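Given next are the chains, with one letter for each unit.
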Amino acid sequence: TGTIAARLTAEHVTGSIHGPRDLPGRVVGVMEESVASESVRARGGSVMVYAKLEDALAALRAGEIDGVVYENHILQAMLARPENASLRLVGSIFDTYDFALAVPPGSPLREPLSTAILAAREDGTIARLMERNLGRHE
């Protein structure tokens, strides 16, 4: 399994959002059918739904919304793009969700995949791959 985390992206210029506690009264972009909608509403934020992350980040850059909540690793990759240089990740990861790989019943891949994933998590391989490909972030 892997962990997907909701992380907040806010405009660097305004500095108005520093983490999940700053969401009450803010308009926050989320993706359609995202678990982030629940998290934002539970923390007092208003949700603006987007079909694409690129659209939400464009709205944030244009000042139409106050922040974007989405999966941490994907946001890290998106913020590495030049057009998003004015944006930054803020706060801490505030919700985590476990996901799994599905294989057919009786698949000979189940045990080797599970063993490899657990070993890669334990020996730091996954963390190194993420840092090498996504960069280091707070």
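The structure reproduced in this document is the subject of the present report. (Residues numbered from 1 in each chain as written. Predicted model: local features only at pLDDT ≥ 70, side-chain atom pairs only at ≥ 80, totals over all residues. Heavy atoms only, no water.)

1. Some points on the overall build of the protein
Moving on, step 1. Helix and strand counts for the protein stand at five helices and five strands.
Moving on, step 2. In sequence order, the protein lays out its α and β elements as β-β-α-β-α-β-α-β-α-α.
Moving on, step 3. A total of 138 residues make up the protein; the buried ones form 36% of that total.
Moving on, step 4. Of all intrachain contacts in the protein linking residues separated by at least 6 positions in sequence, the fraction that spans at least 24 positions is 61%.
Moving on, step 5. Looking at the protein as shown, the accessible area adds up to about 8,300 Å², and 54% of this sits on carbon and sulfur atoms. (Helix = DSSP H or I, 4+ residues; strand = E, 2+ residues; numbered from the N terminus. Buried < 20%, exposed > 50% of the residue type's maximum accessible area, 1.4 Å probe, protein only. Contact = heavy atoms within 4.5 Å. Areas by Shrake-Rupley, 256 points an atom, 1.4 Å probe, with all protein chains shown as cover.)

2. Focus: the side chain of Ser34
Moving on, step 1. Looking at the element boundaries, Ser34 is found in the loop between β2 (27-31) and α1 (36-42).
Moving on, step 2. Side-chain polar atoms of Ser34 contact the backbone nitrogen of Ala36, separated by 2.9 Å. (Polar contact = N/O pair within 3.5 Å; in protein donor to acceptor, adjacent residues only side chain to side chain.)

3. Brief notes about a nonpolar patch on the surface
Moving on, step 1. Taken together, the side chains of Leu101, Leu109 and Leu113 define a hydrophobic patch exposed on the protein surface, amounting to about 280 Å² of accessible area.
Moving on, step 2. Along the chain, Leu109 falls in the loop between β5 (87-99) and α4 (110-122). (Patch = residues over 30% accessible without salt bridge, like charges linked within 9 Å, V, L, I, M, F, W, Y side chains within 5 Å. Salt bridge = Lys/Arg side-chain N within 4 Å of Asp/Glu carboxyl O.)

4. Quick word on the packing of helix α2 (residues 53-61) against helix α3 (residues 72-79)
Moving on, step 1. Between α2 and α3, the shortest axis-to-axis distance is 12 Å and the interhelical angle comes to 60°. One finds that α2 runs oblique with respect to α3. Crossing of α2 against α3: the hand is right-handed. The residues of α3 that touch α2, namely those facing Leu53, Glu54 and Leu57, are Ile74, Leu75 and Met78.
Moving on, step 2. For the contact of α2 with α3, a count of residues per class yields five nonpolar, no polar and one charged. (Axes fitted to C-alpha atoms, helices over the stretch in contact; angles between N-to-C directions. Parallel < 35°, antiparallel > 145°, perpendicular 65-115°, else oblique. Left-handed = near helix turned anticlockwise from the far one by under 90°. Nonpolar A, V, L, I, M, F, W, Y, C, P; charged D, E, K, R; others polar.)

5. What about the pairing of β2?
Moving on, step 1. Among the five residues of β2, four are classified as buried, and the element is accordingly described as predominantly covered.
Moving on, step 2. Bridge count between β2 and strand β3 (residues 46-50): five bridges; the pairing is parallel. The residue of β3 that forms the bridge with Val28 is Val47.
Moving on, step 3. With two bridges joining them, β2 and strand β4 (residues 67-71) adopt parallel strand pairing. Bridging from a neighbouring strand, Val28 pairs with Gly67 of β4. (Pairing = 2+ DSSP bridges.)

6. Observations regarding unusual backbone geometry
Moving on, step 1. Positioned with a positive phi, Glu33 is a non-glycine residue whose angle comes to about 55°.
Moving on, step 2. Along the chain, the position of Glu33 falls in the loop between β2 and α1.

7. Some points on the nonpolar core
Moving on, step 1. If you look at the biggest cluster of nonpolar residues, it comprises 15 residues, and the most contacted ones within it are Met31, Tyr50, Leu53, Leu57, Ile65, Val68 and Leu75.
Moving on, step 2. Broken down by secondary-structure element, the contributors of at least two residues to this core are α2, β4, α3 and β5.
Moving on, step 3. Looking at this core element by element, the count peaks at five residues for α2.
Moving on, step 4. Leaving out residues up to four positions away in the same chain, Leu53 has contacts with Met31, Val68, Tyr70, Ile74, Leu75 and Met78. (Core = buried A, V, L, I, M, F, W, Y, C linked by side-chain atoms within 4.5 Å.)

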